[in-house]
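The residues making up each chain are set out below.
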Amino acid sequence: MGQAGSCDLSGLYLTAEGQHVDNLIGIDHAKPSTSSQLNYKGILDGKSRAVFGGQILVRKDAQKVNLPAGRQEPAAFRPGRNRQQAPAS
């Protein structure tokens, strides 16, 4: 992201019986005064599965970065950590 750049990522995924979806996101705050927001929701059915993973990188020279709501410091999202699975029927 360039200086004073912003990124707003929103997504909705739907899965049905037996499907699997991977959502992998990468955000790179390379310059000062950047911001990013991330909002993903999912609806899973039957034995479907979903995985969300990614990384937010805040580089050394990227001062005054506005992080996603609720974050006090840069966070790395690792694939497989935020798994969702449909409830057993």
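Residues numbered from 1 in each chain as written. Predicted model: local features only at pLDDT ≥ 70, side-chain atom pairs only at ≥ 80, totals over all residues. Heavy atoms only, no water.

Looking at the packing of aromatic side chains
- Taken as a whole and judged by the stated rule, the model has one aromatic pair.
- Between the aromatic rings of Tyr40 and Phe52, the centroid separation amounts to 5.7 Å while the plane-to-plane angle is 50 degrees, which identifies the pairing as tilted. Here Phe52 lies in strand E4 (residues 49–58) and Tyr40 lies in strand E3 (residues 35–44), a separation of twelve residues in the sequence.
- Residue class for Phe52 comes out buried when judged on its relative accessible area of 12%. (Phe/Tyr/Trp six-rings, centres within 6.5 Å; stacked < 30°, edge-to-face > 60°. Helix = DSSP H or I, 4+ residues; strand = E, 2+ residues; numbered from the N terminus. Buried < 20%, exposed > 50% of the residue type's maximum accessible area, 1.4 Å probe, protein only.)

Points about the pattern of salt bridges
- Using the criterion set out here, one finds one salt bridge in the structure.
- Across the salt bridge formed by Asp28 and Arg59, the nearest N and O atoms sit 2.8 Å from each other. Of the two residues, Asp28 sits in strand E2 (residues 20–29) while Arg59 sits in the loop between E4 and strand E5 (82–85), which places them 31 residues apart along the sequence. (Salt bridge = Lys/Arg side-chain N within 4 Å of Asp/Glu carboxyl O.)

Focus: a nonpolar patch on the surface
- Residues Leu12, Leu14 and Ile43 make up a contiguous nonpolar surface patch of about 330 Å² in total accessible area.
- Following the sequence through the fold, Ile43 ends up in strand E3.
- Overall, the relative accessible area of 49% leaves Ile43 in the partly exposed class. (Patch = residues over 30% accessible without salt bridge, like charges linked within 9 Å, V, L, I, M, F, W, Y side chains within 5 Å. Areas by Shrake-Rupley, 256 points an atom, 1.4 Å probe, with all protein chains shown as cover.)

Topic: the side chain of Thr34
- Turning to its location among the elements, Thr34 is positioned in the loop between E2 and E3.
- Polar side-chain contacts of Thr34 include one of 2.6 Å to the side chain of His29. (Polar contact = N/O pair within 3.5 Å; in protein donor to acceptor, adjacent residues only side chain to side chain.)

Observations concerning the confidence of the model for the protein chain
- Here the protein chain averages 78 in pLDDT, while 73% of its residues score no lower than 70.
- Contacts from residues 74–86, a stretch scored under 50 in pLDDT, to residues over four places away or in other chains number 35 contacts. (pLDDT = per-residue confidence, 0-100. Contact = heavy atoms within 4.5 Å.)

Things to note about unusual backbone geometry
- One non-glycine residue with positive phi stands out, namely Ser33, at about 60 degrees.
- Within the secondary structure, Ser33 sits in the loop between E2 and E3.
- A relative accessible area of 36% means that Ser33 is categorised as partly exposed.
- One non-glycine residue, Lys64, lies in positive phi territory at about 60 degrees.
- Taking the relative accessible area as the measure of exposure, Lys64 reaches 73% and is therefore exposed.

Quick look at the environment of Asp22
- Position of Asp22 among the secondary structure elements: in strand E2.
- For Asp22, a relative accessible area of 47% puts it in the partly exposed group.
- Sequence-wise, Asp22 and Phe52 are 30 residues apart; in three dimensions their C-alpha atoms are separated by 6.1 Å.
- Within the structure, Asp22 has its side chain in polar contact with the side chain of His20 (distance 2.9 Å).

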